[in-house]
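Remarks on the overall topology
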Amino acid sequence: MSDRALPAAPVERRRPTHADWVAVAVLLVAVPVVHDLGTMLTAPYWLDEAWVALSVRFPLAELPVATSSTPIGWTFLLRLVPDTDYLRVVTLAFHGLGLVGAYAWGRLLGWTTRRMGTVAGLVCATAVLLLPIQQIRHDLKQYTADAAVTVGLLALVSWTEKRWSYRRLWVVAGAVAAGMLFSHVTAIVAPCVFGSLLVVTAIRCQWSRFREVVLAAVGGAVAASAVYLAISVRGRNEEMQEFWADSFPTLGELPGYLEQKMEDLTPWMGASGLVILGLFVAGVLTLAKQGRPVSATAVVLLPLAAVTLGVARVYPLLDLRTSHFLLVSTAAVGGLGVAGLARLVAALVHRVLPAARPTIVAAGVTTVLLASFAVHNGHWYRFNGNNPETYYTAIAVTDIRFATRYVADHRSRNDVVVMSNLAWYGFAYYSEHDPVELTTPYENAVGWWVSMPTRSDVVVVPGRDAAAIRTGLDDALRLAGRRGGARIWLIRSHVTDAELEAWRSVLVDYHVEEVTAGVEPVALIREK
C-alpha cells in the first residue's frame with residue numbers, strides 16, 4: 001500500500017511482519033552497543049545484590065522466605081542461570097523484553113500504514129533504549145522487570161483496544177497474574193490498566209463490555225492478591241518503611257518535593273522537565289488520536305497512582321530504583337509523542353510537497369530528534385559504573401568477591417576473619433565451598449540473616465559505629481588468642497563515609513597492613 005494513499009482505516013495484521021522481526025533484531029543488537037555488558041555481567045555483587053544472589057544457595061523450599069523484597073519469579077529465574085557469576089543475565093533479559101514491549105506498543109497503535117507502525121515502534125523502543133537511567137540499572141535487582149512488565153501491560157491494552165474480544169481481555173488479566181510473580185509494581189500498574197478500561201467503557205455506555213472488564217479485573221486482582229499475601233507481603237516491614245522514609249512526602253510537602261525531584265531527575269531522563277512533560281502530553285494525545293483512549297487514560301493514571309501511593313506512605317515516590325518502571329514508561333510515552341509529532345510534520349509536508357512520502361519524512365524527523373538526544377546524552381552510554389563526571393554505582397566501588405576469594409586462598413586453618421557488618425552477605429555468597437543456613441526472623445530490611453555453621457573462624461562486627469567496631473575487633477583478638485596467636489584478616493565492603501571514619505578512629509590502636517590493592521583492600525591487623 002502506498003504511503004501517499006493515506007487510507008482512513010488502519011491496516012490489520014494478526015502476525016508480525018518480516019519488518020517487525022528485523023526491527024526487533026536491530027533493537028536487541030543495539031543493546032551491547034549502548035550498554036557495557038562486560039561490566040554488567042561480570043562485576044562482583046554488592047550488598048543488595050548479594051542478598052538476592054544468596055537465594056540460589058538455599059534449598060528451593062526456602063525460596064518464599066529468601067526472596068524477601070524481591071519478586072519470587074525473579075528469584076526463581078536466577079536458579080536457571082548455570083554460572084552464578086553471571087546472574088545479571090536475568091537483568092539483561094528484562095532490558096531486552098522492555099524494548100520488545102515498547103516496540104509492540106508503538107507498533108500496535110492505529111497507524112494508517114504498516115511502515116508508519118514500524119517507525120513508531122522503533123521510535124518508542126529507541127527512546128527506552130537511549131534513556132540514561134537505563135545505564136545505572138545493571139544491578140541484580142528486579143527494576144528492569146518492573147519496566148518490562150509495565151510497558152508490556154500497556155502494550156497489551158493497546159492490543160485489546162485494537163480488536164476487542166473477551167479472550168484478549170482475559171489475556172490482560174493473565175498477564176497481570178504472571179507479572180505479579182516478576183514485578184511488585186504490577187499491583188500499581190494493573191489498577192491503572194483496568195481502571196482506564198472501566199472509565200472508557202462506561203463513558204461509551206458499553207455496559208456489556210463494562211461487565212466483562214469487571215469480571216476480568218476481579219480475576220486479575222484475586223490472582224495478584226494471592227501472590228502478594230502469600231509471598232510479597234514479607235518484603236513490607238518496618239525497617240523497609242524506615243529506609244524509604246525520605247521518599248514519602250506529605251500532602252503539604254508534595255509540590256516542593258515534585259519540583260525538586262523533577263530537577264534531580266533531569267540527568268537521568270536526558271532532558272529538562274518541561275521537555276519531558278511536553279513529550280508526555282504529545283504521547284497521550286497521540287494515543288488518543290490513534291484510537292487508543294484506554295491506553296491514553298492508563299498512562300495518565302499511572303503517575304497519579306504513584307503520587308497517591310507516595311503520599312499514603314505505601315510506595316516510594318520518584319526514587320531512581322523503585323520508580324524505574326514509571327520513568328521508563330514515561331520515556332516510552334515520550335517516544336510515542338515524538339512519533340506523533342513526526343507524523344503531523346509529515347502530513348504537513350505532504351500537503352506542500354505531494355511527492356514526499358509521509359513515512360519517509362516521519363522517519364527522517366524522528367531520526368534527527370533521536371540522534372540529537374543520543375548526542376546530548378552520549379557521555380552516559382556504555383557506562384561502566386564509575387564516571388567521575390557523571391555518577392558511580394556500587395558495582396564500581398565494591399569487590400567483596402575478590403576479598404573473599406583472596407582470603408580463602410591465603411589464610412591458614414587457624415586464622416581469624418573479621419569483617420564489617422555489611423560485608424557478611426557477600427562473604428557468605430562467595431564462600432562457595434562453605435554451607436550456609438537461613439536464619440529468620442531478623443530485624444533488617446530483608447528480614448533474614450545467613451549463618452555459616454562450619455566457619456567458627458569468622459567474626460562479624462555487630463554494627464557500623466565505633467563502639468560496634470571495637471567490640472568486633474576485641475572478639476576477633478580473643479578468638480585469635482584461643483587459636484594460638486592466629487593472624488586476623490580484615491574484610492570491609494559497602495562502607496559509608498561515616499562508617500569509614502569510625503573504622504579509622506578505632507584502627508589507630510592497631511597495626512594494619514594492607515595486603516591487596518583495589519577498591520576494597522584486604523588487611524591483616526594485630527594489636528600494637
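This text goes with the structure placed above it.
Quick look at the structure, then. (Residues numbered from 1 in each chain as written. Predicted model: local features only at pLDDT ≥ 70, side-chain atom pairs only at ≥ 80, totals over all residues. Heavy atoms only, no water.)

Turning next to the pattern of salt bridges. Considering all chains together, one arrives at 14 salt bridges under this definition. One network of salt bridges, in which partners are shared, links Arg411, Asp434, Arg455 and Asp457. (Salt bridge = Lys/Arg side-chain N within 4 Å of Asp/Glu carboxyl O.)

Moving on to helix H1 (residues 18–34). Its 17 residues place the ends of H1 25 Å apart at the C-alpha level, agreeing with the 24 Å of an ideal helix rising 1.5 Å per residue. Along H1, the residues that are buried comprise Asp20, Ala23, Val24, Leu27, Ala30, Val31 and Val34. In a view along the axis of H1, the buried residues occupy a sector of 120 degrees, so they form one face of it. Of the exposed residues in H1, those oriented more than 90 degrees away from the buried face are His18, Trp21, Val22, Val29 and Val33. Close packing links the buried residues of H1 with helix H2 (37–42), helix H6 (89–107) and helix H7 (114–129). (Helix = DSSP H or I, 4+ residues; strand = E, 2+ residues; numbered from the N terminus. Expected span 1.5 Å × (residues − 1). Buried < 20%, exposed > 50% of the residue type's maximum accessible area, 1.4 Å probe, protein only. Arc of directions from axis to C-beta. Contact = heavy atoms within 4.5 Å.)

Closest axis-to-axis distance for the helix H14 (residues 273–289)/helix H15 (residues 293–311) pair is 7 Å, and the angle between their directions is 150 degrees. On the basis of their axis angle, the class for H14 and H15 is roughly antiparallel. The crossing of H14 and H15 is left-handed. Along its contact with H14, which presents Phe280, Val284, Leu287 and Ala288, the element H15 presents Pro293, Ser295, Ala296, Val299, Val300 and Pro303. Considered class by class, the residues forming the contact of H14 with H15 number 9 nonpolar, 1 polar and no charged. (Axes fitted to C-alpha atoms, helices over the stretch in contact; angles between N-to-C directions. Parallel < 35°, antiparallel > 145°, perpendicular 65-115°, else oblique. Left-handed = near helix turned anticlockwise from the far one by under 90°. Nonpolar A, V, L, I, M, F, W, Y, C, P; charged D, E, K, R; others polar.)

This part covers the packing of aromatic side chains. Applying the stated rule across the entire model yields 20 aromatic pairs. Ring geometry for tryptophan 380 versus phenylalanine 383: centroids 5.6 Å apart, planes at 70 degrees, classification edge-to-face. Accessibility assignment for this pair places tryptophan 380 and phenylalanine 383 in one class, buried. Centroid distance tryptophan 424 to tryptophan 449: 6.2 Å. Interplanar angle 20 degrees. Geometry classified as stacked. Taken together, the positions of tryptophan 424 in helix H20 (residues 424–430) and tryptophan 449 in strand E5 (residues 449–451) put the pair 25 residues apart, joining distant regions of the chain. (Phe/Tyr/Trp six-rings, centres within 6.5 Å; stacked < 30°, edge-to-face > 60°.)

Further remarks concern the sheet that holds strand E7 (residues 488–491). Spatially, E6-E3-E7-E9-E8 is the arrangement adopted by the 5 strands of the open sheet, whose pairing is mixed. Looking at the sheet topology across the chains shown, the edges are occupied by strand E6 (458–460) and strand E8 (510–514). Adjacent strand axes in the sheet meet at a mean angle of 30 degrees, parallel and antiparallel pairs treated alike. Pairing of strand E3 (residues 416–419) with E7 involves 4 bridges; the strand directions are parallel. Directly across from valine 416, in E7, lies its bridge partner isoleucine 488. Taken strand by strand, helix H19 (residues 400–410) contacts E3 and E7, and its axis lies near 170 degrees from that of E7. (Pairing = 2+ DSSP bridges.)

This paragraph deals with the nonpolar core. Of all hydrophobic cores here, the largest spans 95 residues; its most connected members are Trp105, Phe194, Leu197 and Phe325. For this core, the element with the highest residue contribution is helix H16 (residues 324–352), accounting for 12 residues. Sequence-distant contacts of phenylalanine 194, that is, excluding residues within four places in its chain, are made with Leu169, Val172, Ala173, Val176, Val213, Ala216 and Ala217. Residues Ile400, Met419, Ala423 and Phe427 belong to the second largest nonpolar core, which totals 49 residues. (Core = buried A, V, L, I, M, F, W, Y, C linked by side-chain atoms within 4.5 Å.)

Two elements in contact, helix H8 (residues 143–162) and H15, have axes whose closest approach is 8 Å; the angle formed by their N-to-C orientations is 155 degrees. As summarised for this structure, H8 and H15 are arranged roughly antiparallel, according to the angle between their axes. Along the contact surface, H8 presents Thr150, Leu154, Val157, Ser158 and Glu161, while H15 presents Pro293, Val294, Ser295, Ala298, Val299 and Leu302. For the contact of H8 with H15, a count of residues per class yields 7 nonpolar, 3 polar and 1 charged.

What follows deals with the environment of isoleucine 231. For isoleucine 231, the position within the fold is in the loop between helix H11 (207–230) and helix H12 (238–243). According to the relative accessible area criterion, isoleucine 231 is buried, its value standing at 16%. Among all residues touching isoleucine 231, those that are not within four sequence positions of it are Pro64, Thr67 and Ile72.

Note on terminology: disulfide describes a covalent bond linking the sulfur atoms of two cysteines. By the definition in use, this model includes 0 disulfides. Not engaged in a disulfide, the cysteine cysteine 124 finds its nearest cysteine sulfur in cysteine 192; these two sulfurs lie 17 Å apart. (Disulfide = S-S within 2.5 Å.)

Another aspect to go through is a nonpolar patch on the surface. Side chains of Leu60, Phe76 and Leu80 sit close together on the surface and give an oily, nonpolar patch of about 310 Å² of accessible area. Considering the arrangement of structural elements, one finds leucine 60 in the loop between helix H3 (47–53) and helix H4 (63–66). (Patch = residues over 30% accessible without salt bridge, like charges linked within 9 Å, V, L, I, M, F, W, Y side chains within 5 Å. Areas by Shrake-Rupley, 256 points an atom, 1.4 Å probe, with all protein chains shown as cover.)

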